[in-house]
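Next come the chains, spelled out residue by residue.
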Amino acid sequence: THAESRAKDLHNHFHSYRKEQEMKTLALTNKMAALSADLDEVVRARQEDESRVDEANQQVSNLSLDFGQILVSVDNLFLRCTTKRKGIKHDQTAGDESDGEPENEE
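**Q** Help me understand the overall build of the chain in this model?
**A** When you go through the chain residue by residue, the secondary structure sums to 1 helix and 0 strands. Residue burial in the chain is summarised as follows: out of 106 residues, 0% are buried.

As structure tokens, this is what we get:
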């Protein structure tokens, strides 16, 4: 009858709709899994980059510390030479081109 035909059409339509929605859900689940894998890869790469940056910063800090220690050592040597060894003639002018020989003061 007409009611049975209508019920069968509705049942078929519902079945098609449900199948379509399941396929859409499966496609979205697959897309989500792929995006999640991409995100994991990007997070891992970011962590590696941060690790390399931290390592580079540590190297720069170590070099800065070494340079600072060298500057302090040179400054200490200069102060020792100028305060404890007053007999040594030090070049006090930046423009003076002396060859290391003592100057005659007459």
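The structure having been displayed, the exposition proceeds.
**Q** Before we go on, may I ask you to explain the pattern of salt bridges in this structure?
**A** Close approach of charged atoms lets side chains of opposite charge pair. Taken as a whole, this structure holds 6 salt bridges when the rule is applied. Note that Arg44 and Glu48 form a salt bridge whose closest N and O atoms lie 2.3 Å from each other. Of this pair, Arg44 and Glu48 both sit in helix H1 (residues 2–84), separated by 4 residues, roughly a single helical turn. Note on Arg44: relative accessible area 36%, which makes it partly exposed. Residue classification places Glu48 among the partly exposed positions, given a relative accessible area of 37%.

Here is what the cut-offs are and how they apply
Residues numbered from 1 in each chain as written. Predicted model: local features only at pLDDT ≥ 70, side-chain atom pairs only at ≥ 80, totals over all residues. Heavy atoms only, no water. Helix = DSSP H or I, 4+ residues; strand = E, 2+ residues; numbered from the N terminus. Buried < 20%, exposed > 50% of the residue type's maximum accessible area, 1.4 Å probe, protein only. Salt bridge = Lys/Arg side-chain N within 4 Å of Asp/Glu carboxyl O.

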